[in-house]
Amino acid sequence: MVSDIKQVPESAAGDAGAAKGDAAPEVSETAGVEQPTPDTSATPKPAESSPPPARDLSWFLTRTRIWTRRALILVLRVSRLVVTGIRHIRPGLRFLWKSLLRRWRRSLEFRTVLTTLLLAVTSFAIVGAYLSNQIANNLFQERLAQAESESRYNVKQVQDTFDGAQVTDQSSVITLVYDTLTAVEGRGSVIQRRYVFEAKPEQTKPRNRWVESRASDQLTVRVIPPELRKAVQEGGKQQFWASTQFPVGNEDRPGIAVGNLVTFNGTAYELYLIYDLNTAQQTLNEIQNVLWAGGAALVLMIGAIAWYVTRNVVSPVSHAAVVSEKLAAGQLQERMVVKGEDEVARLGASFNHMAASLQEQITQLATLSQMQQRFVSDVSHELRTPLTTVRMAAEVLFDARDEFDPMNKRSAELLYHQVERFQSLLSDLLEISRFDAGAAVLDAEPQDIFQVISHVIDGAAPVAEEYGSEVRLSARQKSIVVEMDSRRIDRILRNLLLNALEHGEGRPIHVSVAANHDAVAVSVRDHGIGMSQAEAARVFDRFWRADPARARTTGGSGLGLSIAAEDTKLHNGWLQAWGRKGSGSNFRLTLPLRQGGTIVKSPLLLEPADIEFPGSANERHMLVLGTGSTGNPGQTASDADRNPQTGSGTGEAP
């Protein structure tokens, strides 16, 4: 009888048993038959060889250095090839990665389908691994239970046969052992068994011990795990098992080795029955292949279903986005295609209704705008003839005002000035109507911008003298050629300078000019009442004033800055405003040097540094106009330095 089966624990103690178990059979195998010992004393010893000559050592070192150098060269070339390949592959991988990221960010359909596929693959991987592990465990446990049962039965049969044997000679013993073990090997309905029969090491040799080891299919005791041998040797009549691998032909097959101790003629033997699990492994492999193939097919089906469902949901949304973009671009006749009566169809119908309503309102507003523009243009044109007549009469009365009494003289002066203002307003309205109608044309040609600035400053000299303000021009260059419409740039700068003089409260006005390789900038800085950030954002609106109650001393139509902004747009430039209450304001005009060019960065800062002009002191050129100057518009900073009475010749802000 044997005890219940026990699995061999895999521990560090098995290492010692392995060494001991491996060494023991070698001793026991030679214990039954005496092996002749070769006489090594009769063998002549070879003569001791003399040390190699010095030239052989140097030759060896030389060849070593040569081969080392060749190996380094080969490694260097291979590394260069690898680096070159990586450099060529990396841009493609980077482009692919960026394309996937762009697609991920911009496509809801791609993101949904990819997320579904990733989740499905993860889920099937987890479930497949779990099912495969459970199936493998069940198959193994089934084969193990069968191996345990058959091993108990066969070991009992072997022990009974050995106990009842009545043999005394060597040949009978060998024949009995061979027949008994062959019968064990041939039995078994499902699992094919193999055996390893080995005498237990370290036991006293009996007188009639003629069998040391036997094994089927040329197996050896080495296929038995050392931990199992140690457990069998120390376990007495208990039965142990362990997983193992054994060679069959040219392949290694998985198996279960079940070990027991049997006795024969007073000698203890280790009997290991090895059960082949190759059939179970093949079944498991087929099941795993079916699982993974089915999982892959199911993942593809889930991806196709997700793509179909997502496409049906996302396509109307994408179509609505495309139609919205076309509507925003002015194609008001675009509509969505409505199919069915579901939520998406109701969304499309609502979208089409909204688009139709917007088209109707936009059409009405466009018609009203055209009528308004036509009305302003027609009224402006119709007013020009009577206004010319009134102006001629006002000029006659203004020229003869000295002959009138004081009341009539004052009336003639008021009439003349208001008619001038009315004519200016009418001209601005005509110009605005041309901008609204898209009839404004840019007549650009290369010209030095300093000529335009000088002309503007000369024209504003009487106003500057009236307000008591100095106009200071600061620039690095002496000449900057710009492709521009000089008439429109002159009008822009005149508006900016006159506004600065009007609101500068008698303080200096700084005009700065700078250029880079793309653009030229002109800023007009005053130190007057200033304006807030909200006022600076609305300063270019038509007829807008920061303080409507403020008295006008120079007149104005309220359209000057609006016209200046439109002229700047024609040049593809920038017109920006900055202001701070009590610190004045700064208007910056930035123009591209060439017509159709693009401005990347303005050469001047919008928020002044009160006031650091570009360049060092010896690079600046300044023109000073105002009450403190001699009246010469061409006076420079160096002239002011030589004549201190002209004032502020250094070019710095007070």
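Summarised in this report is the structure supplied together with it. (Residues numbered from 1 in each chain as written. Predicted model: local features only at pLDDT ≥ 70, side-chain atom pairs only at ≥ 80, totals over all residues. Heavy atoms only, no water.)

### Some points on the nonpolar core
What counts is decided by this rule: Within this scheme, the nonpolar core is defined by two criteria: the residues are buried Ala, Val, Leu, Ile, Met, Phe, Trp, Tyr or Cys, and they are joined through side-chain atoms within 4.5 Å. Classification of residues uses two cut-offs on accessible area relative to the type maximum, computed with a 1.4 Å probe and protein chains only: under 20% is buried, over 50% is exposed, and between them is partly exposed. Put simply, DSSP marks the helices as runs of H or I at least four residues long and the strands as runs of E at least two long, and each gets a number from the N terminus on. Note on contacts: a residue pair is in contact if any heavy atoms of the two residues lie within 4.5 Å.
Formed by 42 residues in total, the largest nonpolar core has its most connected members in Ile449, Ile453, Leu497 and Val513. With 9 residues, the single largest contributor to this core is helix H9 (residues 449-467). When sequence neighbours within four positions are dropped, the list of residues in contact with valine 513 reads Phe450, Ile453, Leu473, Ser474, Ala475, Arg476, Ile480, Val520, Ala521, Val522 and Leu604. One finds Leu144, Val211, Leu271 and Tyr275 within the second-largest nonpolar core, a separate group that totals 24 residues.

### Focus on the pairing of strand S10 (residues 509-515)
What counts here: Note on pairing: two strands pair once DSSP finds at least 2 bridges between them.
Along S10, 6 of the 7 residues are buried, which leaves the element largely enclosed by surrounding structure. Examined bridge by bridge, S10 and strand S11 (residues 519-526) share 6 bridges and lie antiparallel to one another. Note that in S11 the partner of alanine 514 across the bridge is alanine 521. The turn joining S10 and S11, which pair antiparallel and follow one another in sequence, is formed by 3 residues.

### Points about the pairing of strand S8 (residues 471-475)
Counting buried residues along S8, 5 of its 5 residues qualify, which places the element largely inside the surrounding structure. Of the two faces of S8, both are covered, the one formed by Val471, Leu473 and Ala475 as well as the one formed by Arg472 and Ser474. For S8 and S10, the ladder comprises 5 bridges, and the chain directions are parallel. Bridging from a neighbouring strand, arginine 472 pairs with histidine 510 of S10.

### Considering helix H3 (residues 108-163)
Put simply, the test is: In this scheme, a helix's expected span is set at 1.5 Å multiplied by one less than its residue total. Polar contact is defined as a pair of N or O atoms within 3.5 Å, subject to the rule that within protein one atom must be able to donate a hydrogen and the other to accept it, and that residues adjacent in sequence are counted only when both atoms are side-chain atoms.
With 56 residues, H3 should reach 82 Å at 1.5 Å per residue; the first-to-last C-alpha distance of 81 Å fits that figure. Where H3 begins, one side-chain oxygen reaches toward the backbone nitrogen of phenylalanine 110, 3.1 Å away; that side chain belongs to serine 107.

### Notes on the pattern of salt bridges
Pairing between side chains of opposite charge can happen when their charged atoms approach one another. Rules: By definition here, a salt bridge exists when the distance from a side-chain nitrogen of Lys or Arg to a carboxyl oxygen of Asp or Glu is within 4 Å.
Evaluated as defined, the whole model comprises 21 salt bridges. When the shortest N-O distance is used, the salt bridge between glutamate 150 and arginine 193 registers 2.5 Å. A residue pair is termed long-range when its members are at least 10 positions apart, and glutamate 150 in helix H3 and arginine 193 in strand S2 (residues 193-199) qualify at 43 residues. Take arginine 193: its relative accessible area is 1%, and that puts it in the buried class. When the shortest N-O distance is used, the salt bridge between aspartate 567 and arginine 491 registers 3.0 Å. Taken together, the residues span a long stretch of sequence, with aspartate 567 in helix H12 (residues 560-570) and arginine 491 in helix H10 (residues 486-503) at a distance of 76 residues. Judged by its relative accessible area of 0%, aspartate 567 is buried. Owing to a relative accessible area of 14%, arginine 491 belongs among the buried residues under this scheme.

### A few points about the side chain of threonine 244
Among the secondary structure elements, threonine 244 is positioned in strand S4 (residues 239-248). Overall, threonine 244 belongs to the buried group, its relative accessible area being 12%. A distance of 2.7 Å separates the side chain of threonine 244 from the backbone oxygen of valine 223, its partner in a polar contact. Each residue touching threonine 244, except ones within four places of it in the same chain, is listed here: Val223, Pro225, Arg253, Pro254, Gly255 and Ala257.

### A look at the packing of aromatic side chains
Convention followed: Working definition: rings of Phe, Tyr and Trp (its six-membered ring) pair if their centres are within 6.5 Å, and the pair is stacked with planes under 30 degrees apart, edge-to-face with planes over 60 apart, and tilted otherwise. Put simply, a charge is over a ring when the Lys NZ or the Arg CZ is close to the ring centre, within 6 Å, and near the line of the ring normal, within 35 degrees.
A complete count under the given rule lists 6 aromatic pairs for this structure. Members of the aromatic cluster, each reached through a chain of ring pairs, are Phe162, Phe197, Phe264 and Tyr269. Geometry around phenylalanine 398 places arginine 401 over its ring, the cationic atom sitting 3.9 Å from the centre.

### A closer look at the packing of H3 against helix H6 (residues 278-328)
The criterion, for reference: Axes, fitted as lines to C-alpha atoms, cover a helix only where it is in contact. Angles between the N-to-C directions of the axes lie from 0 to 180 degrees. Angle categories are assigned with fixed cut-offs, so that under 35 degrees is roughly parallel, over 145 is roughly antiparallel, 65 to 115 is roughly perpendicular, and the rest are oblique. For a crossing to be left-handed, the near helix must be turned anticlockwise from the far one by less than a right angle; the clockwise case is right-handed.
Taken N-terminus to C-terminus, the directions of H3 and H6 make an angle of 160 degrees; their axes are 9 Å apart at the nearest point. Here H6 runs roughly antiparallel to H3, going by the angle between their axes. Here H3 runs over H6; the crossing is right-handed.

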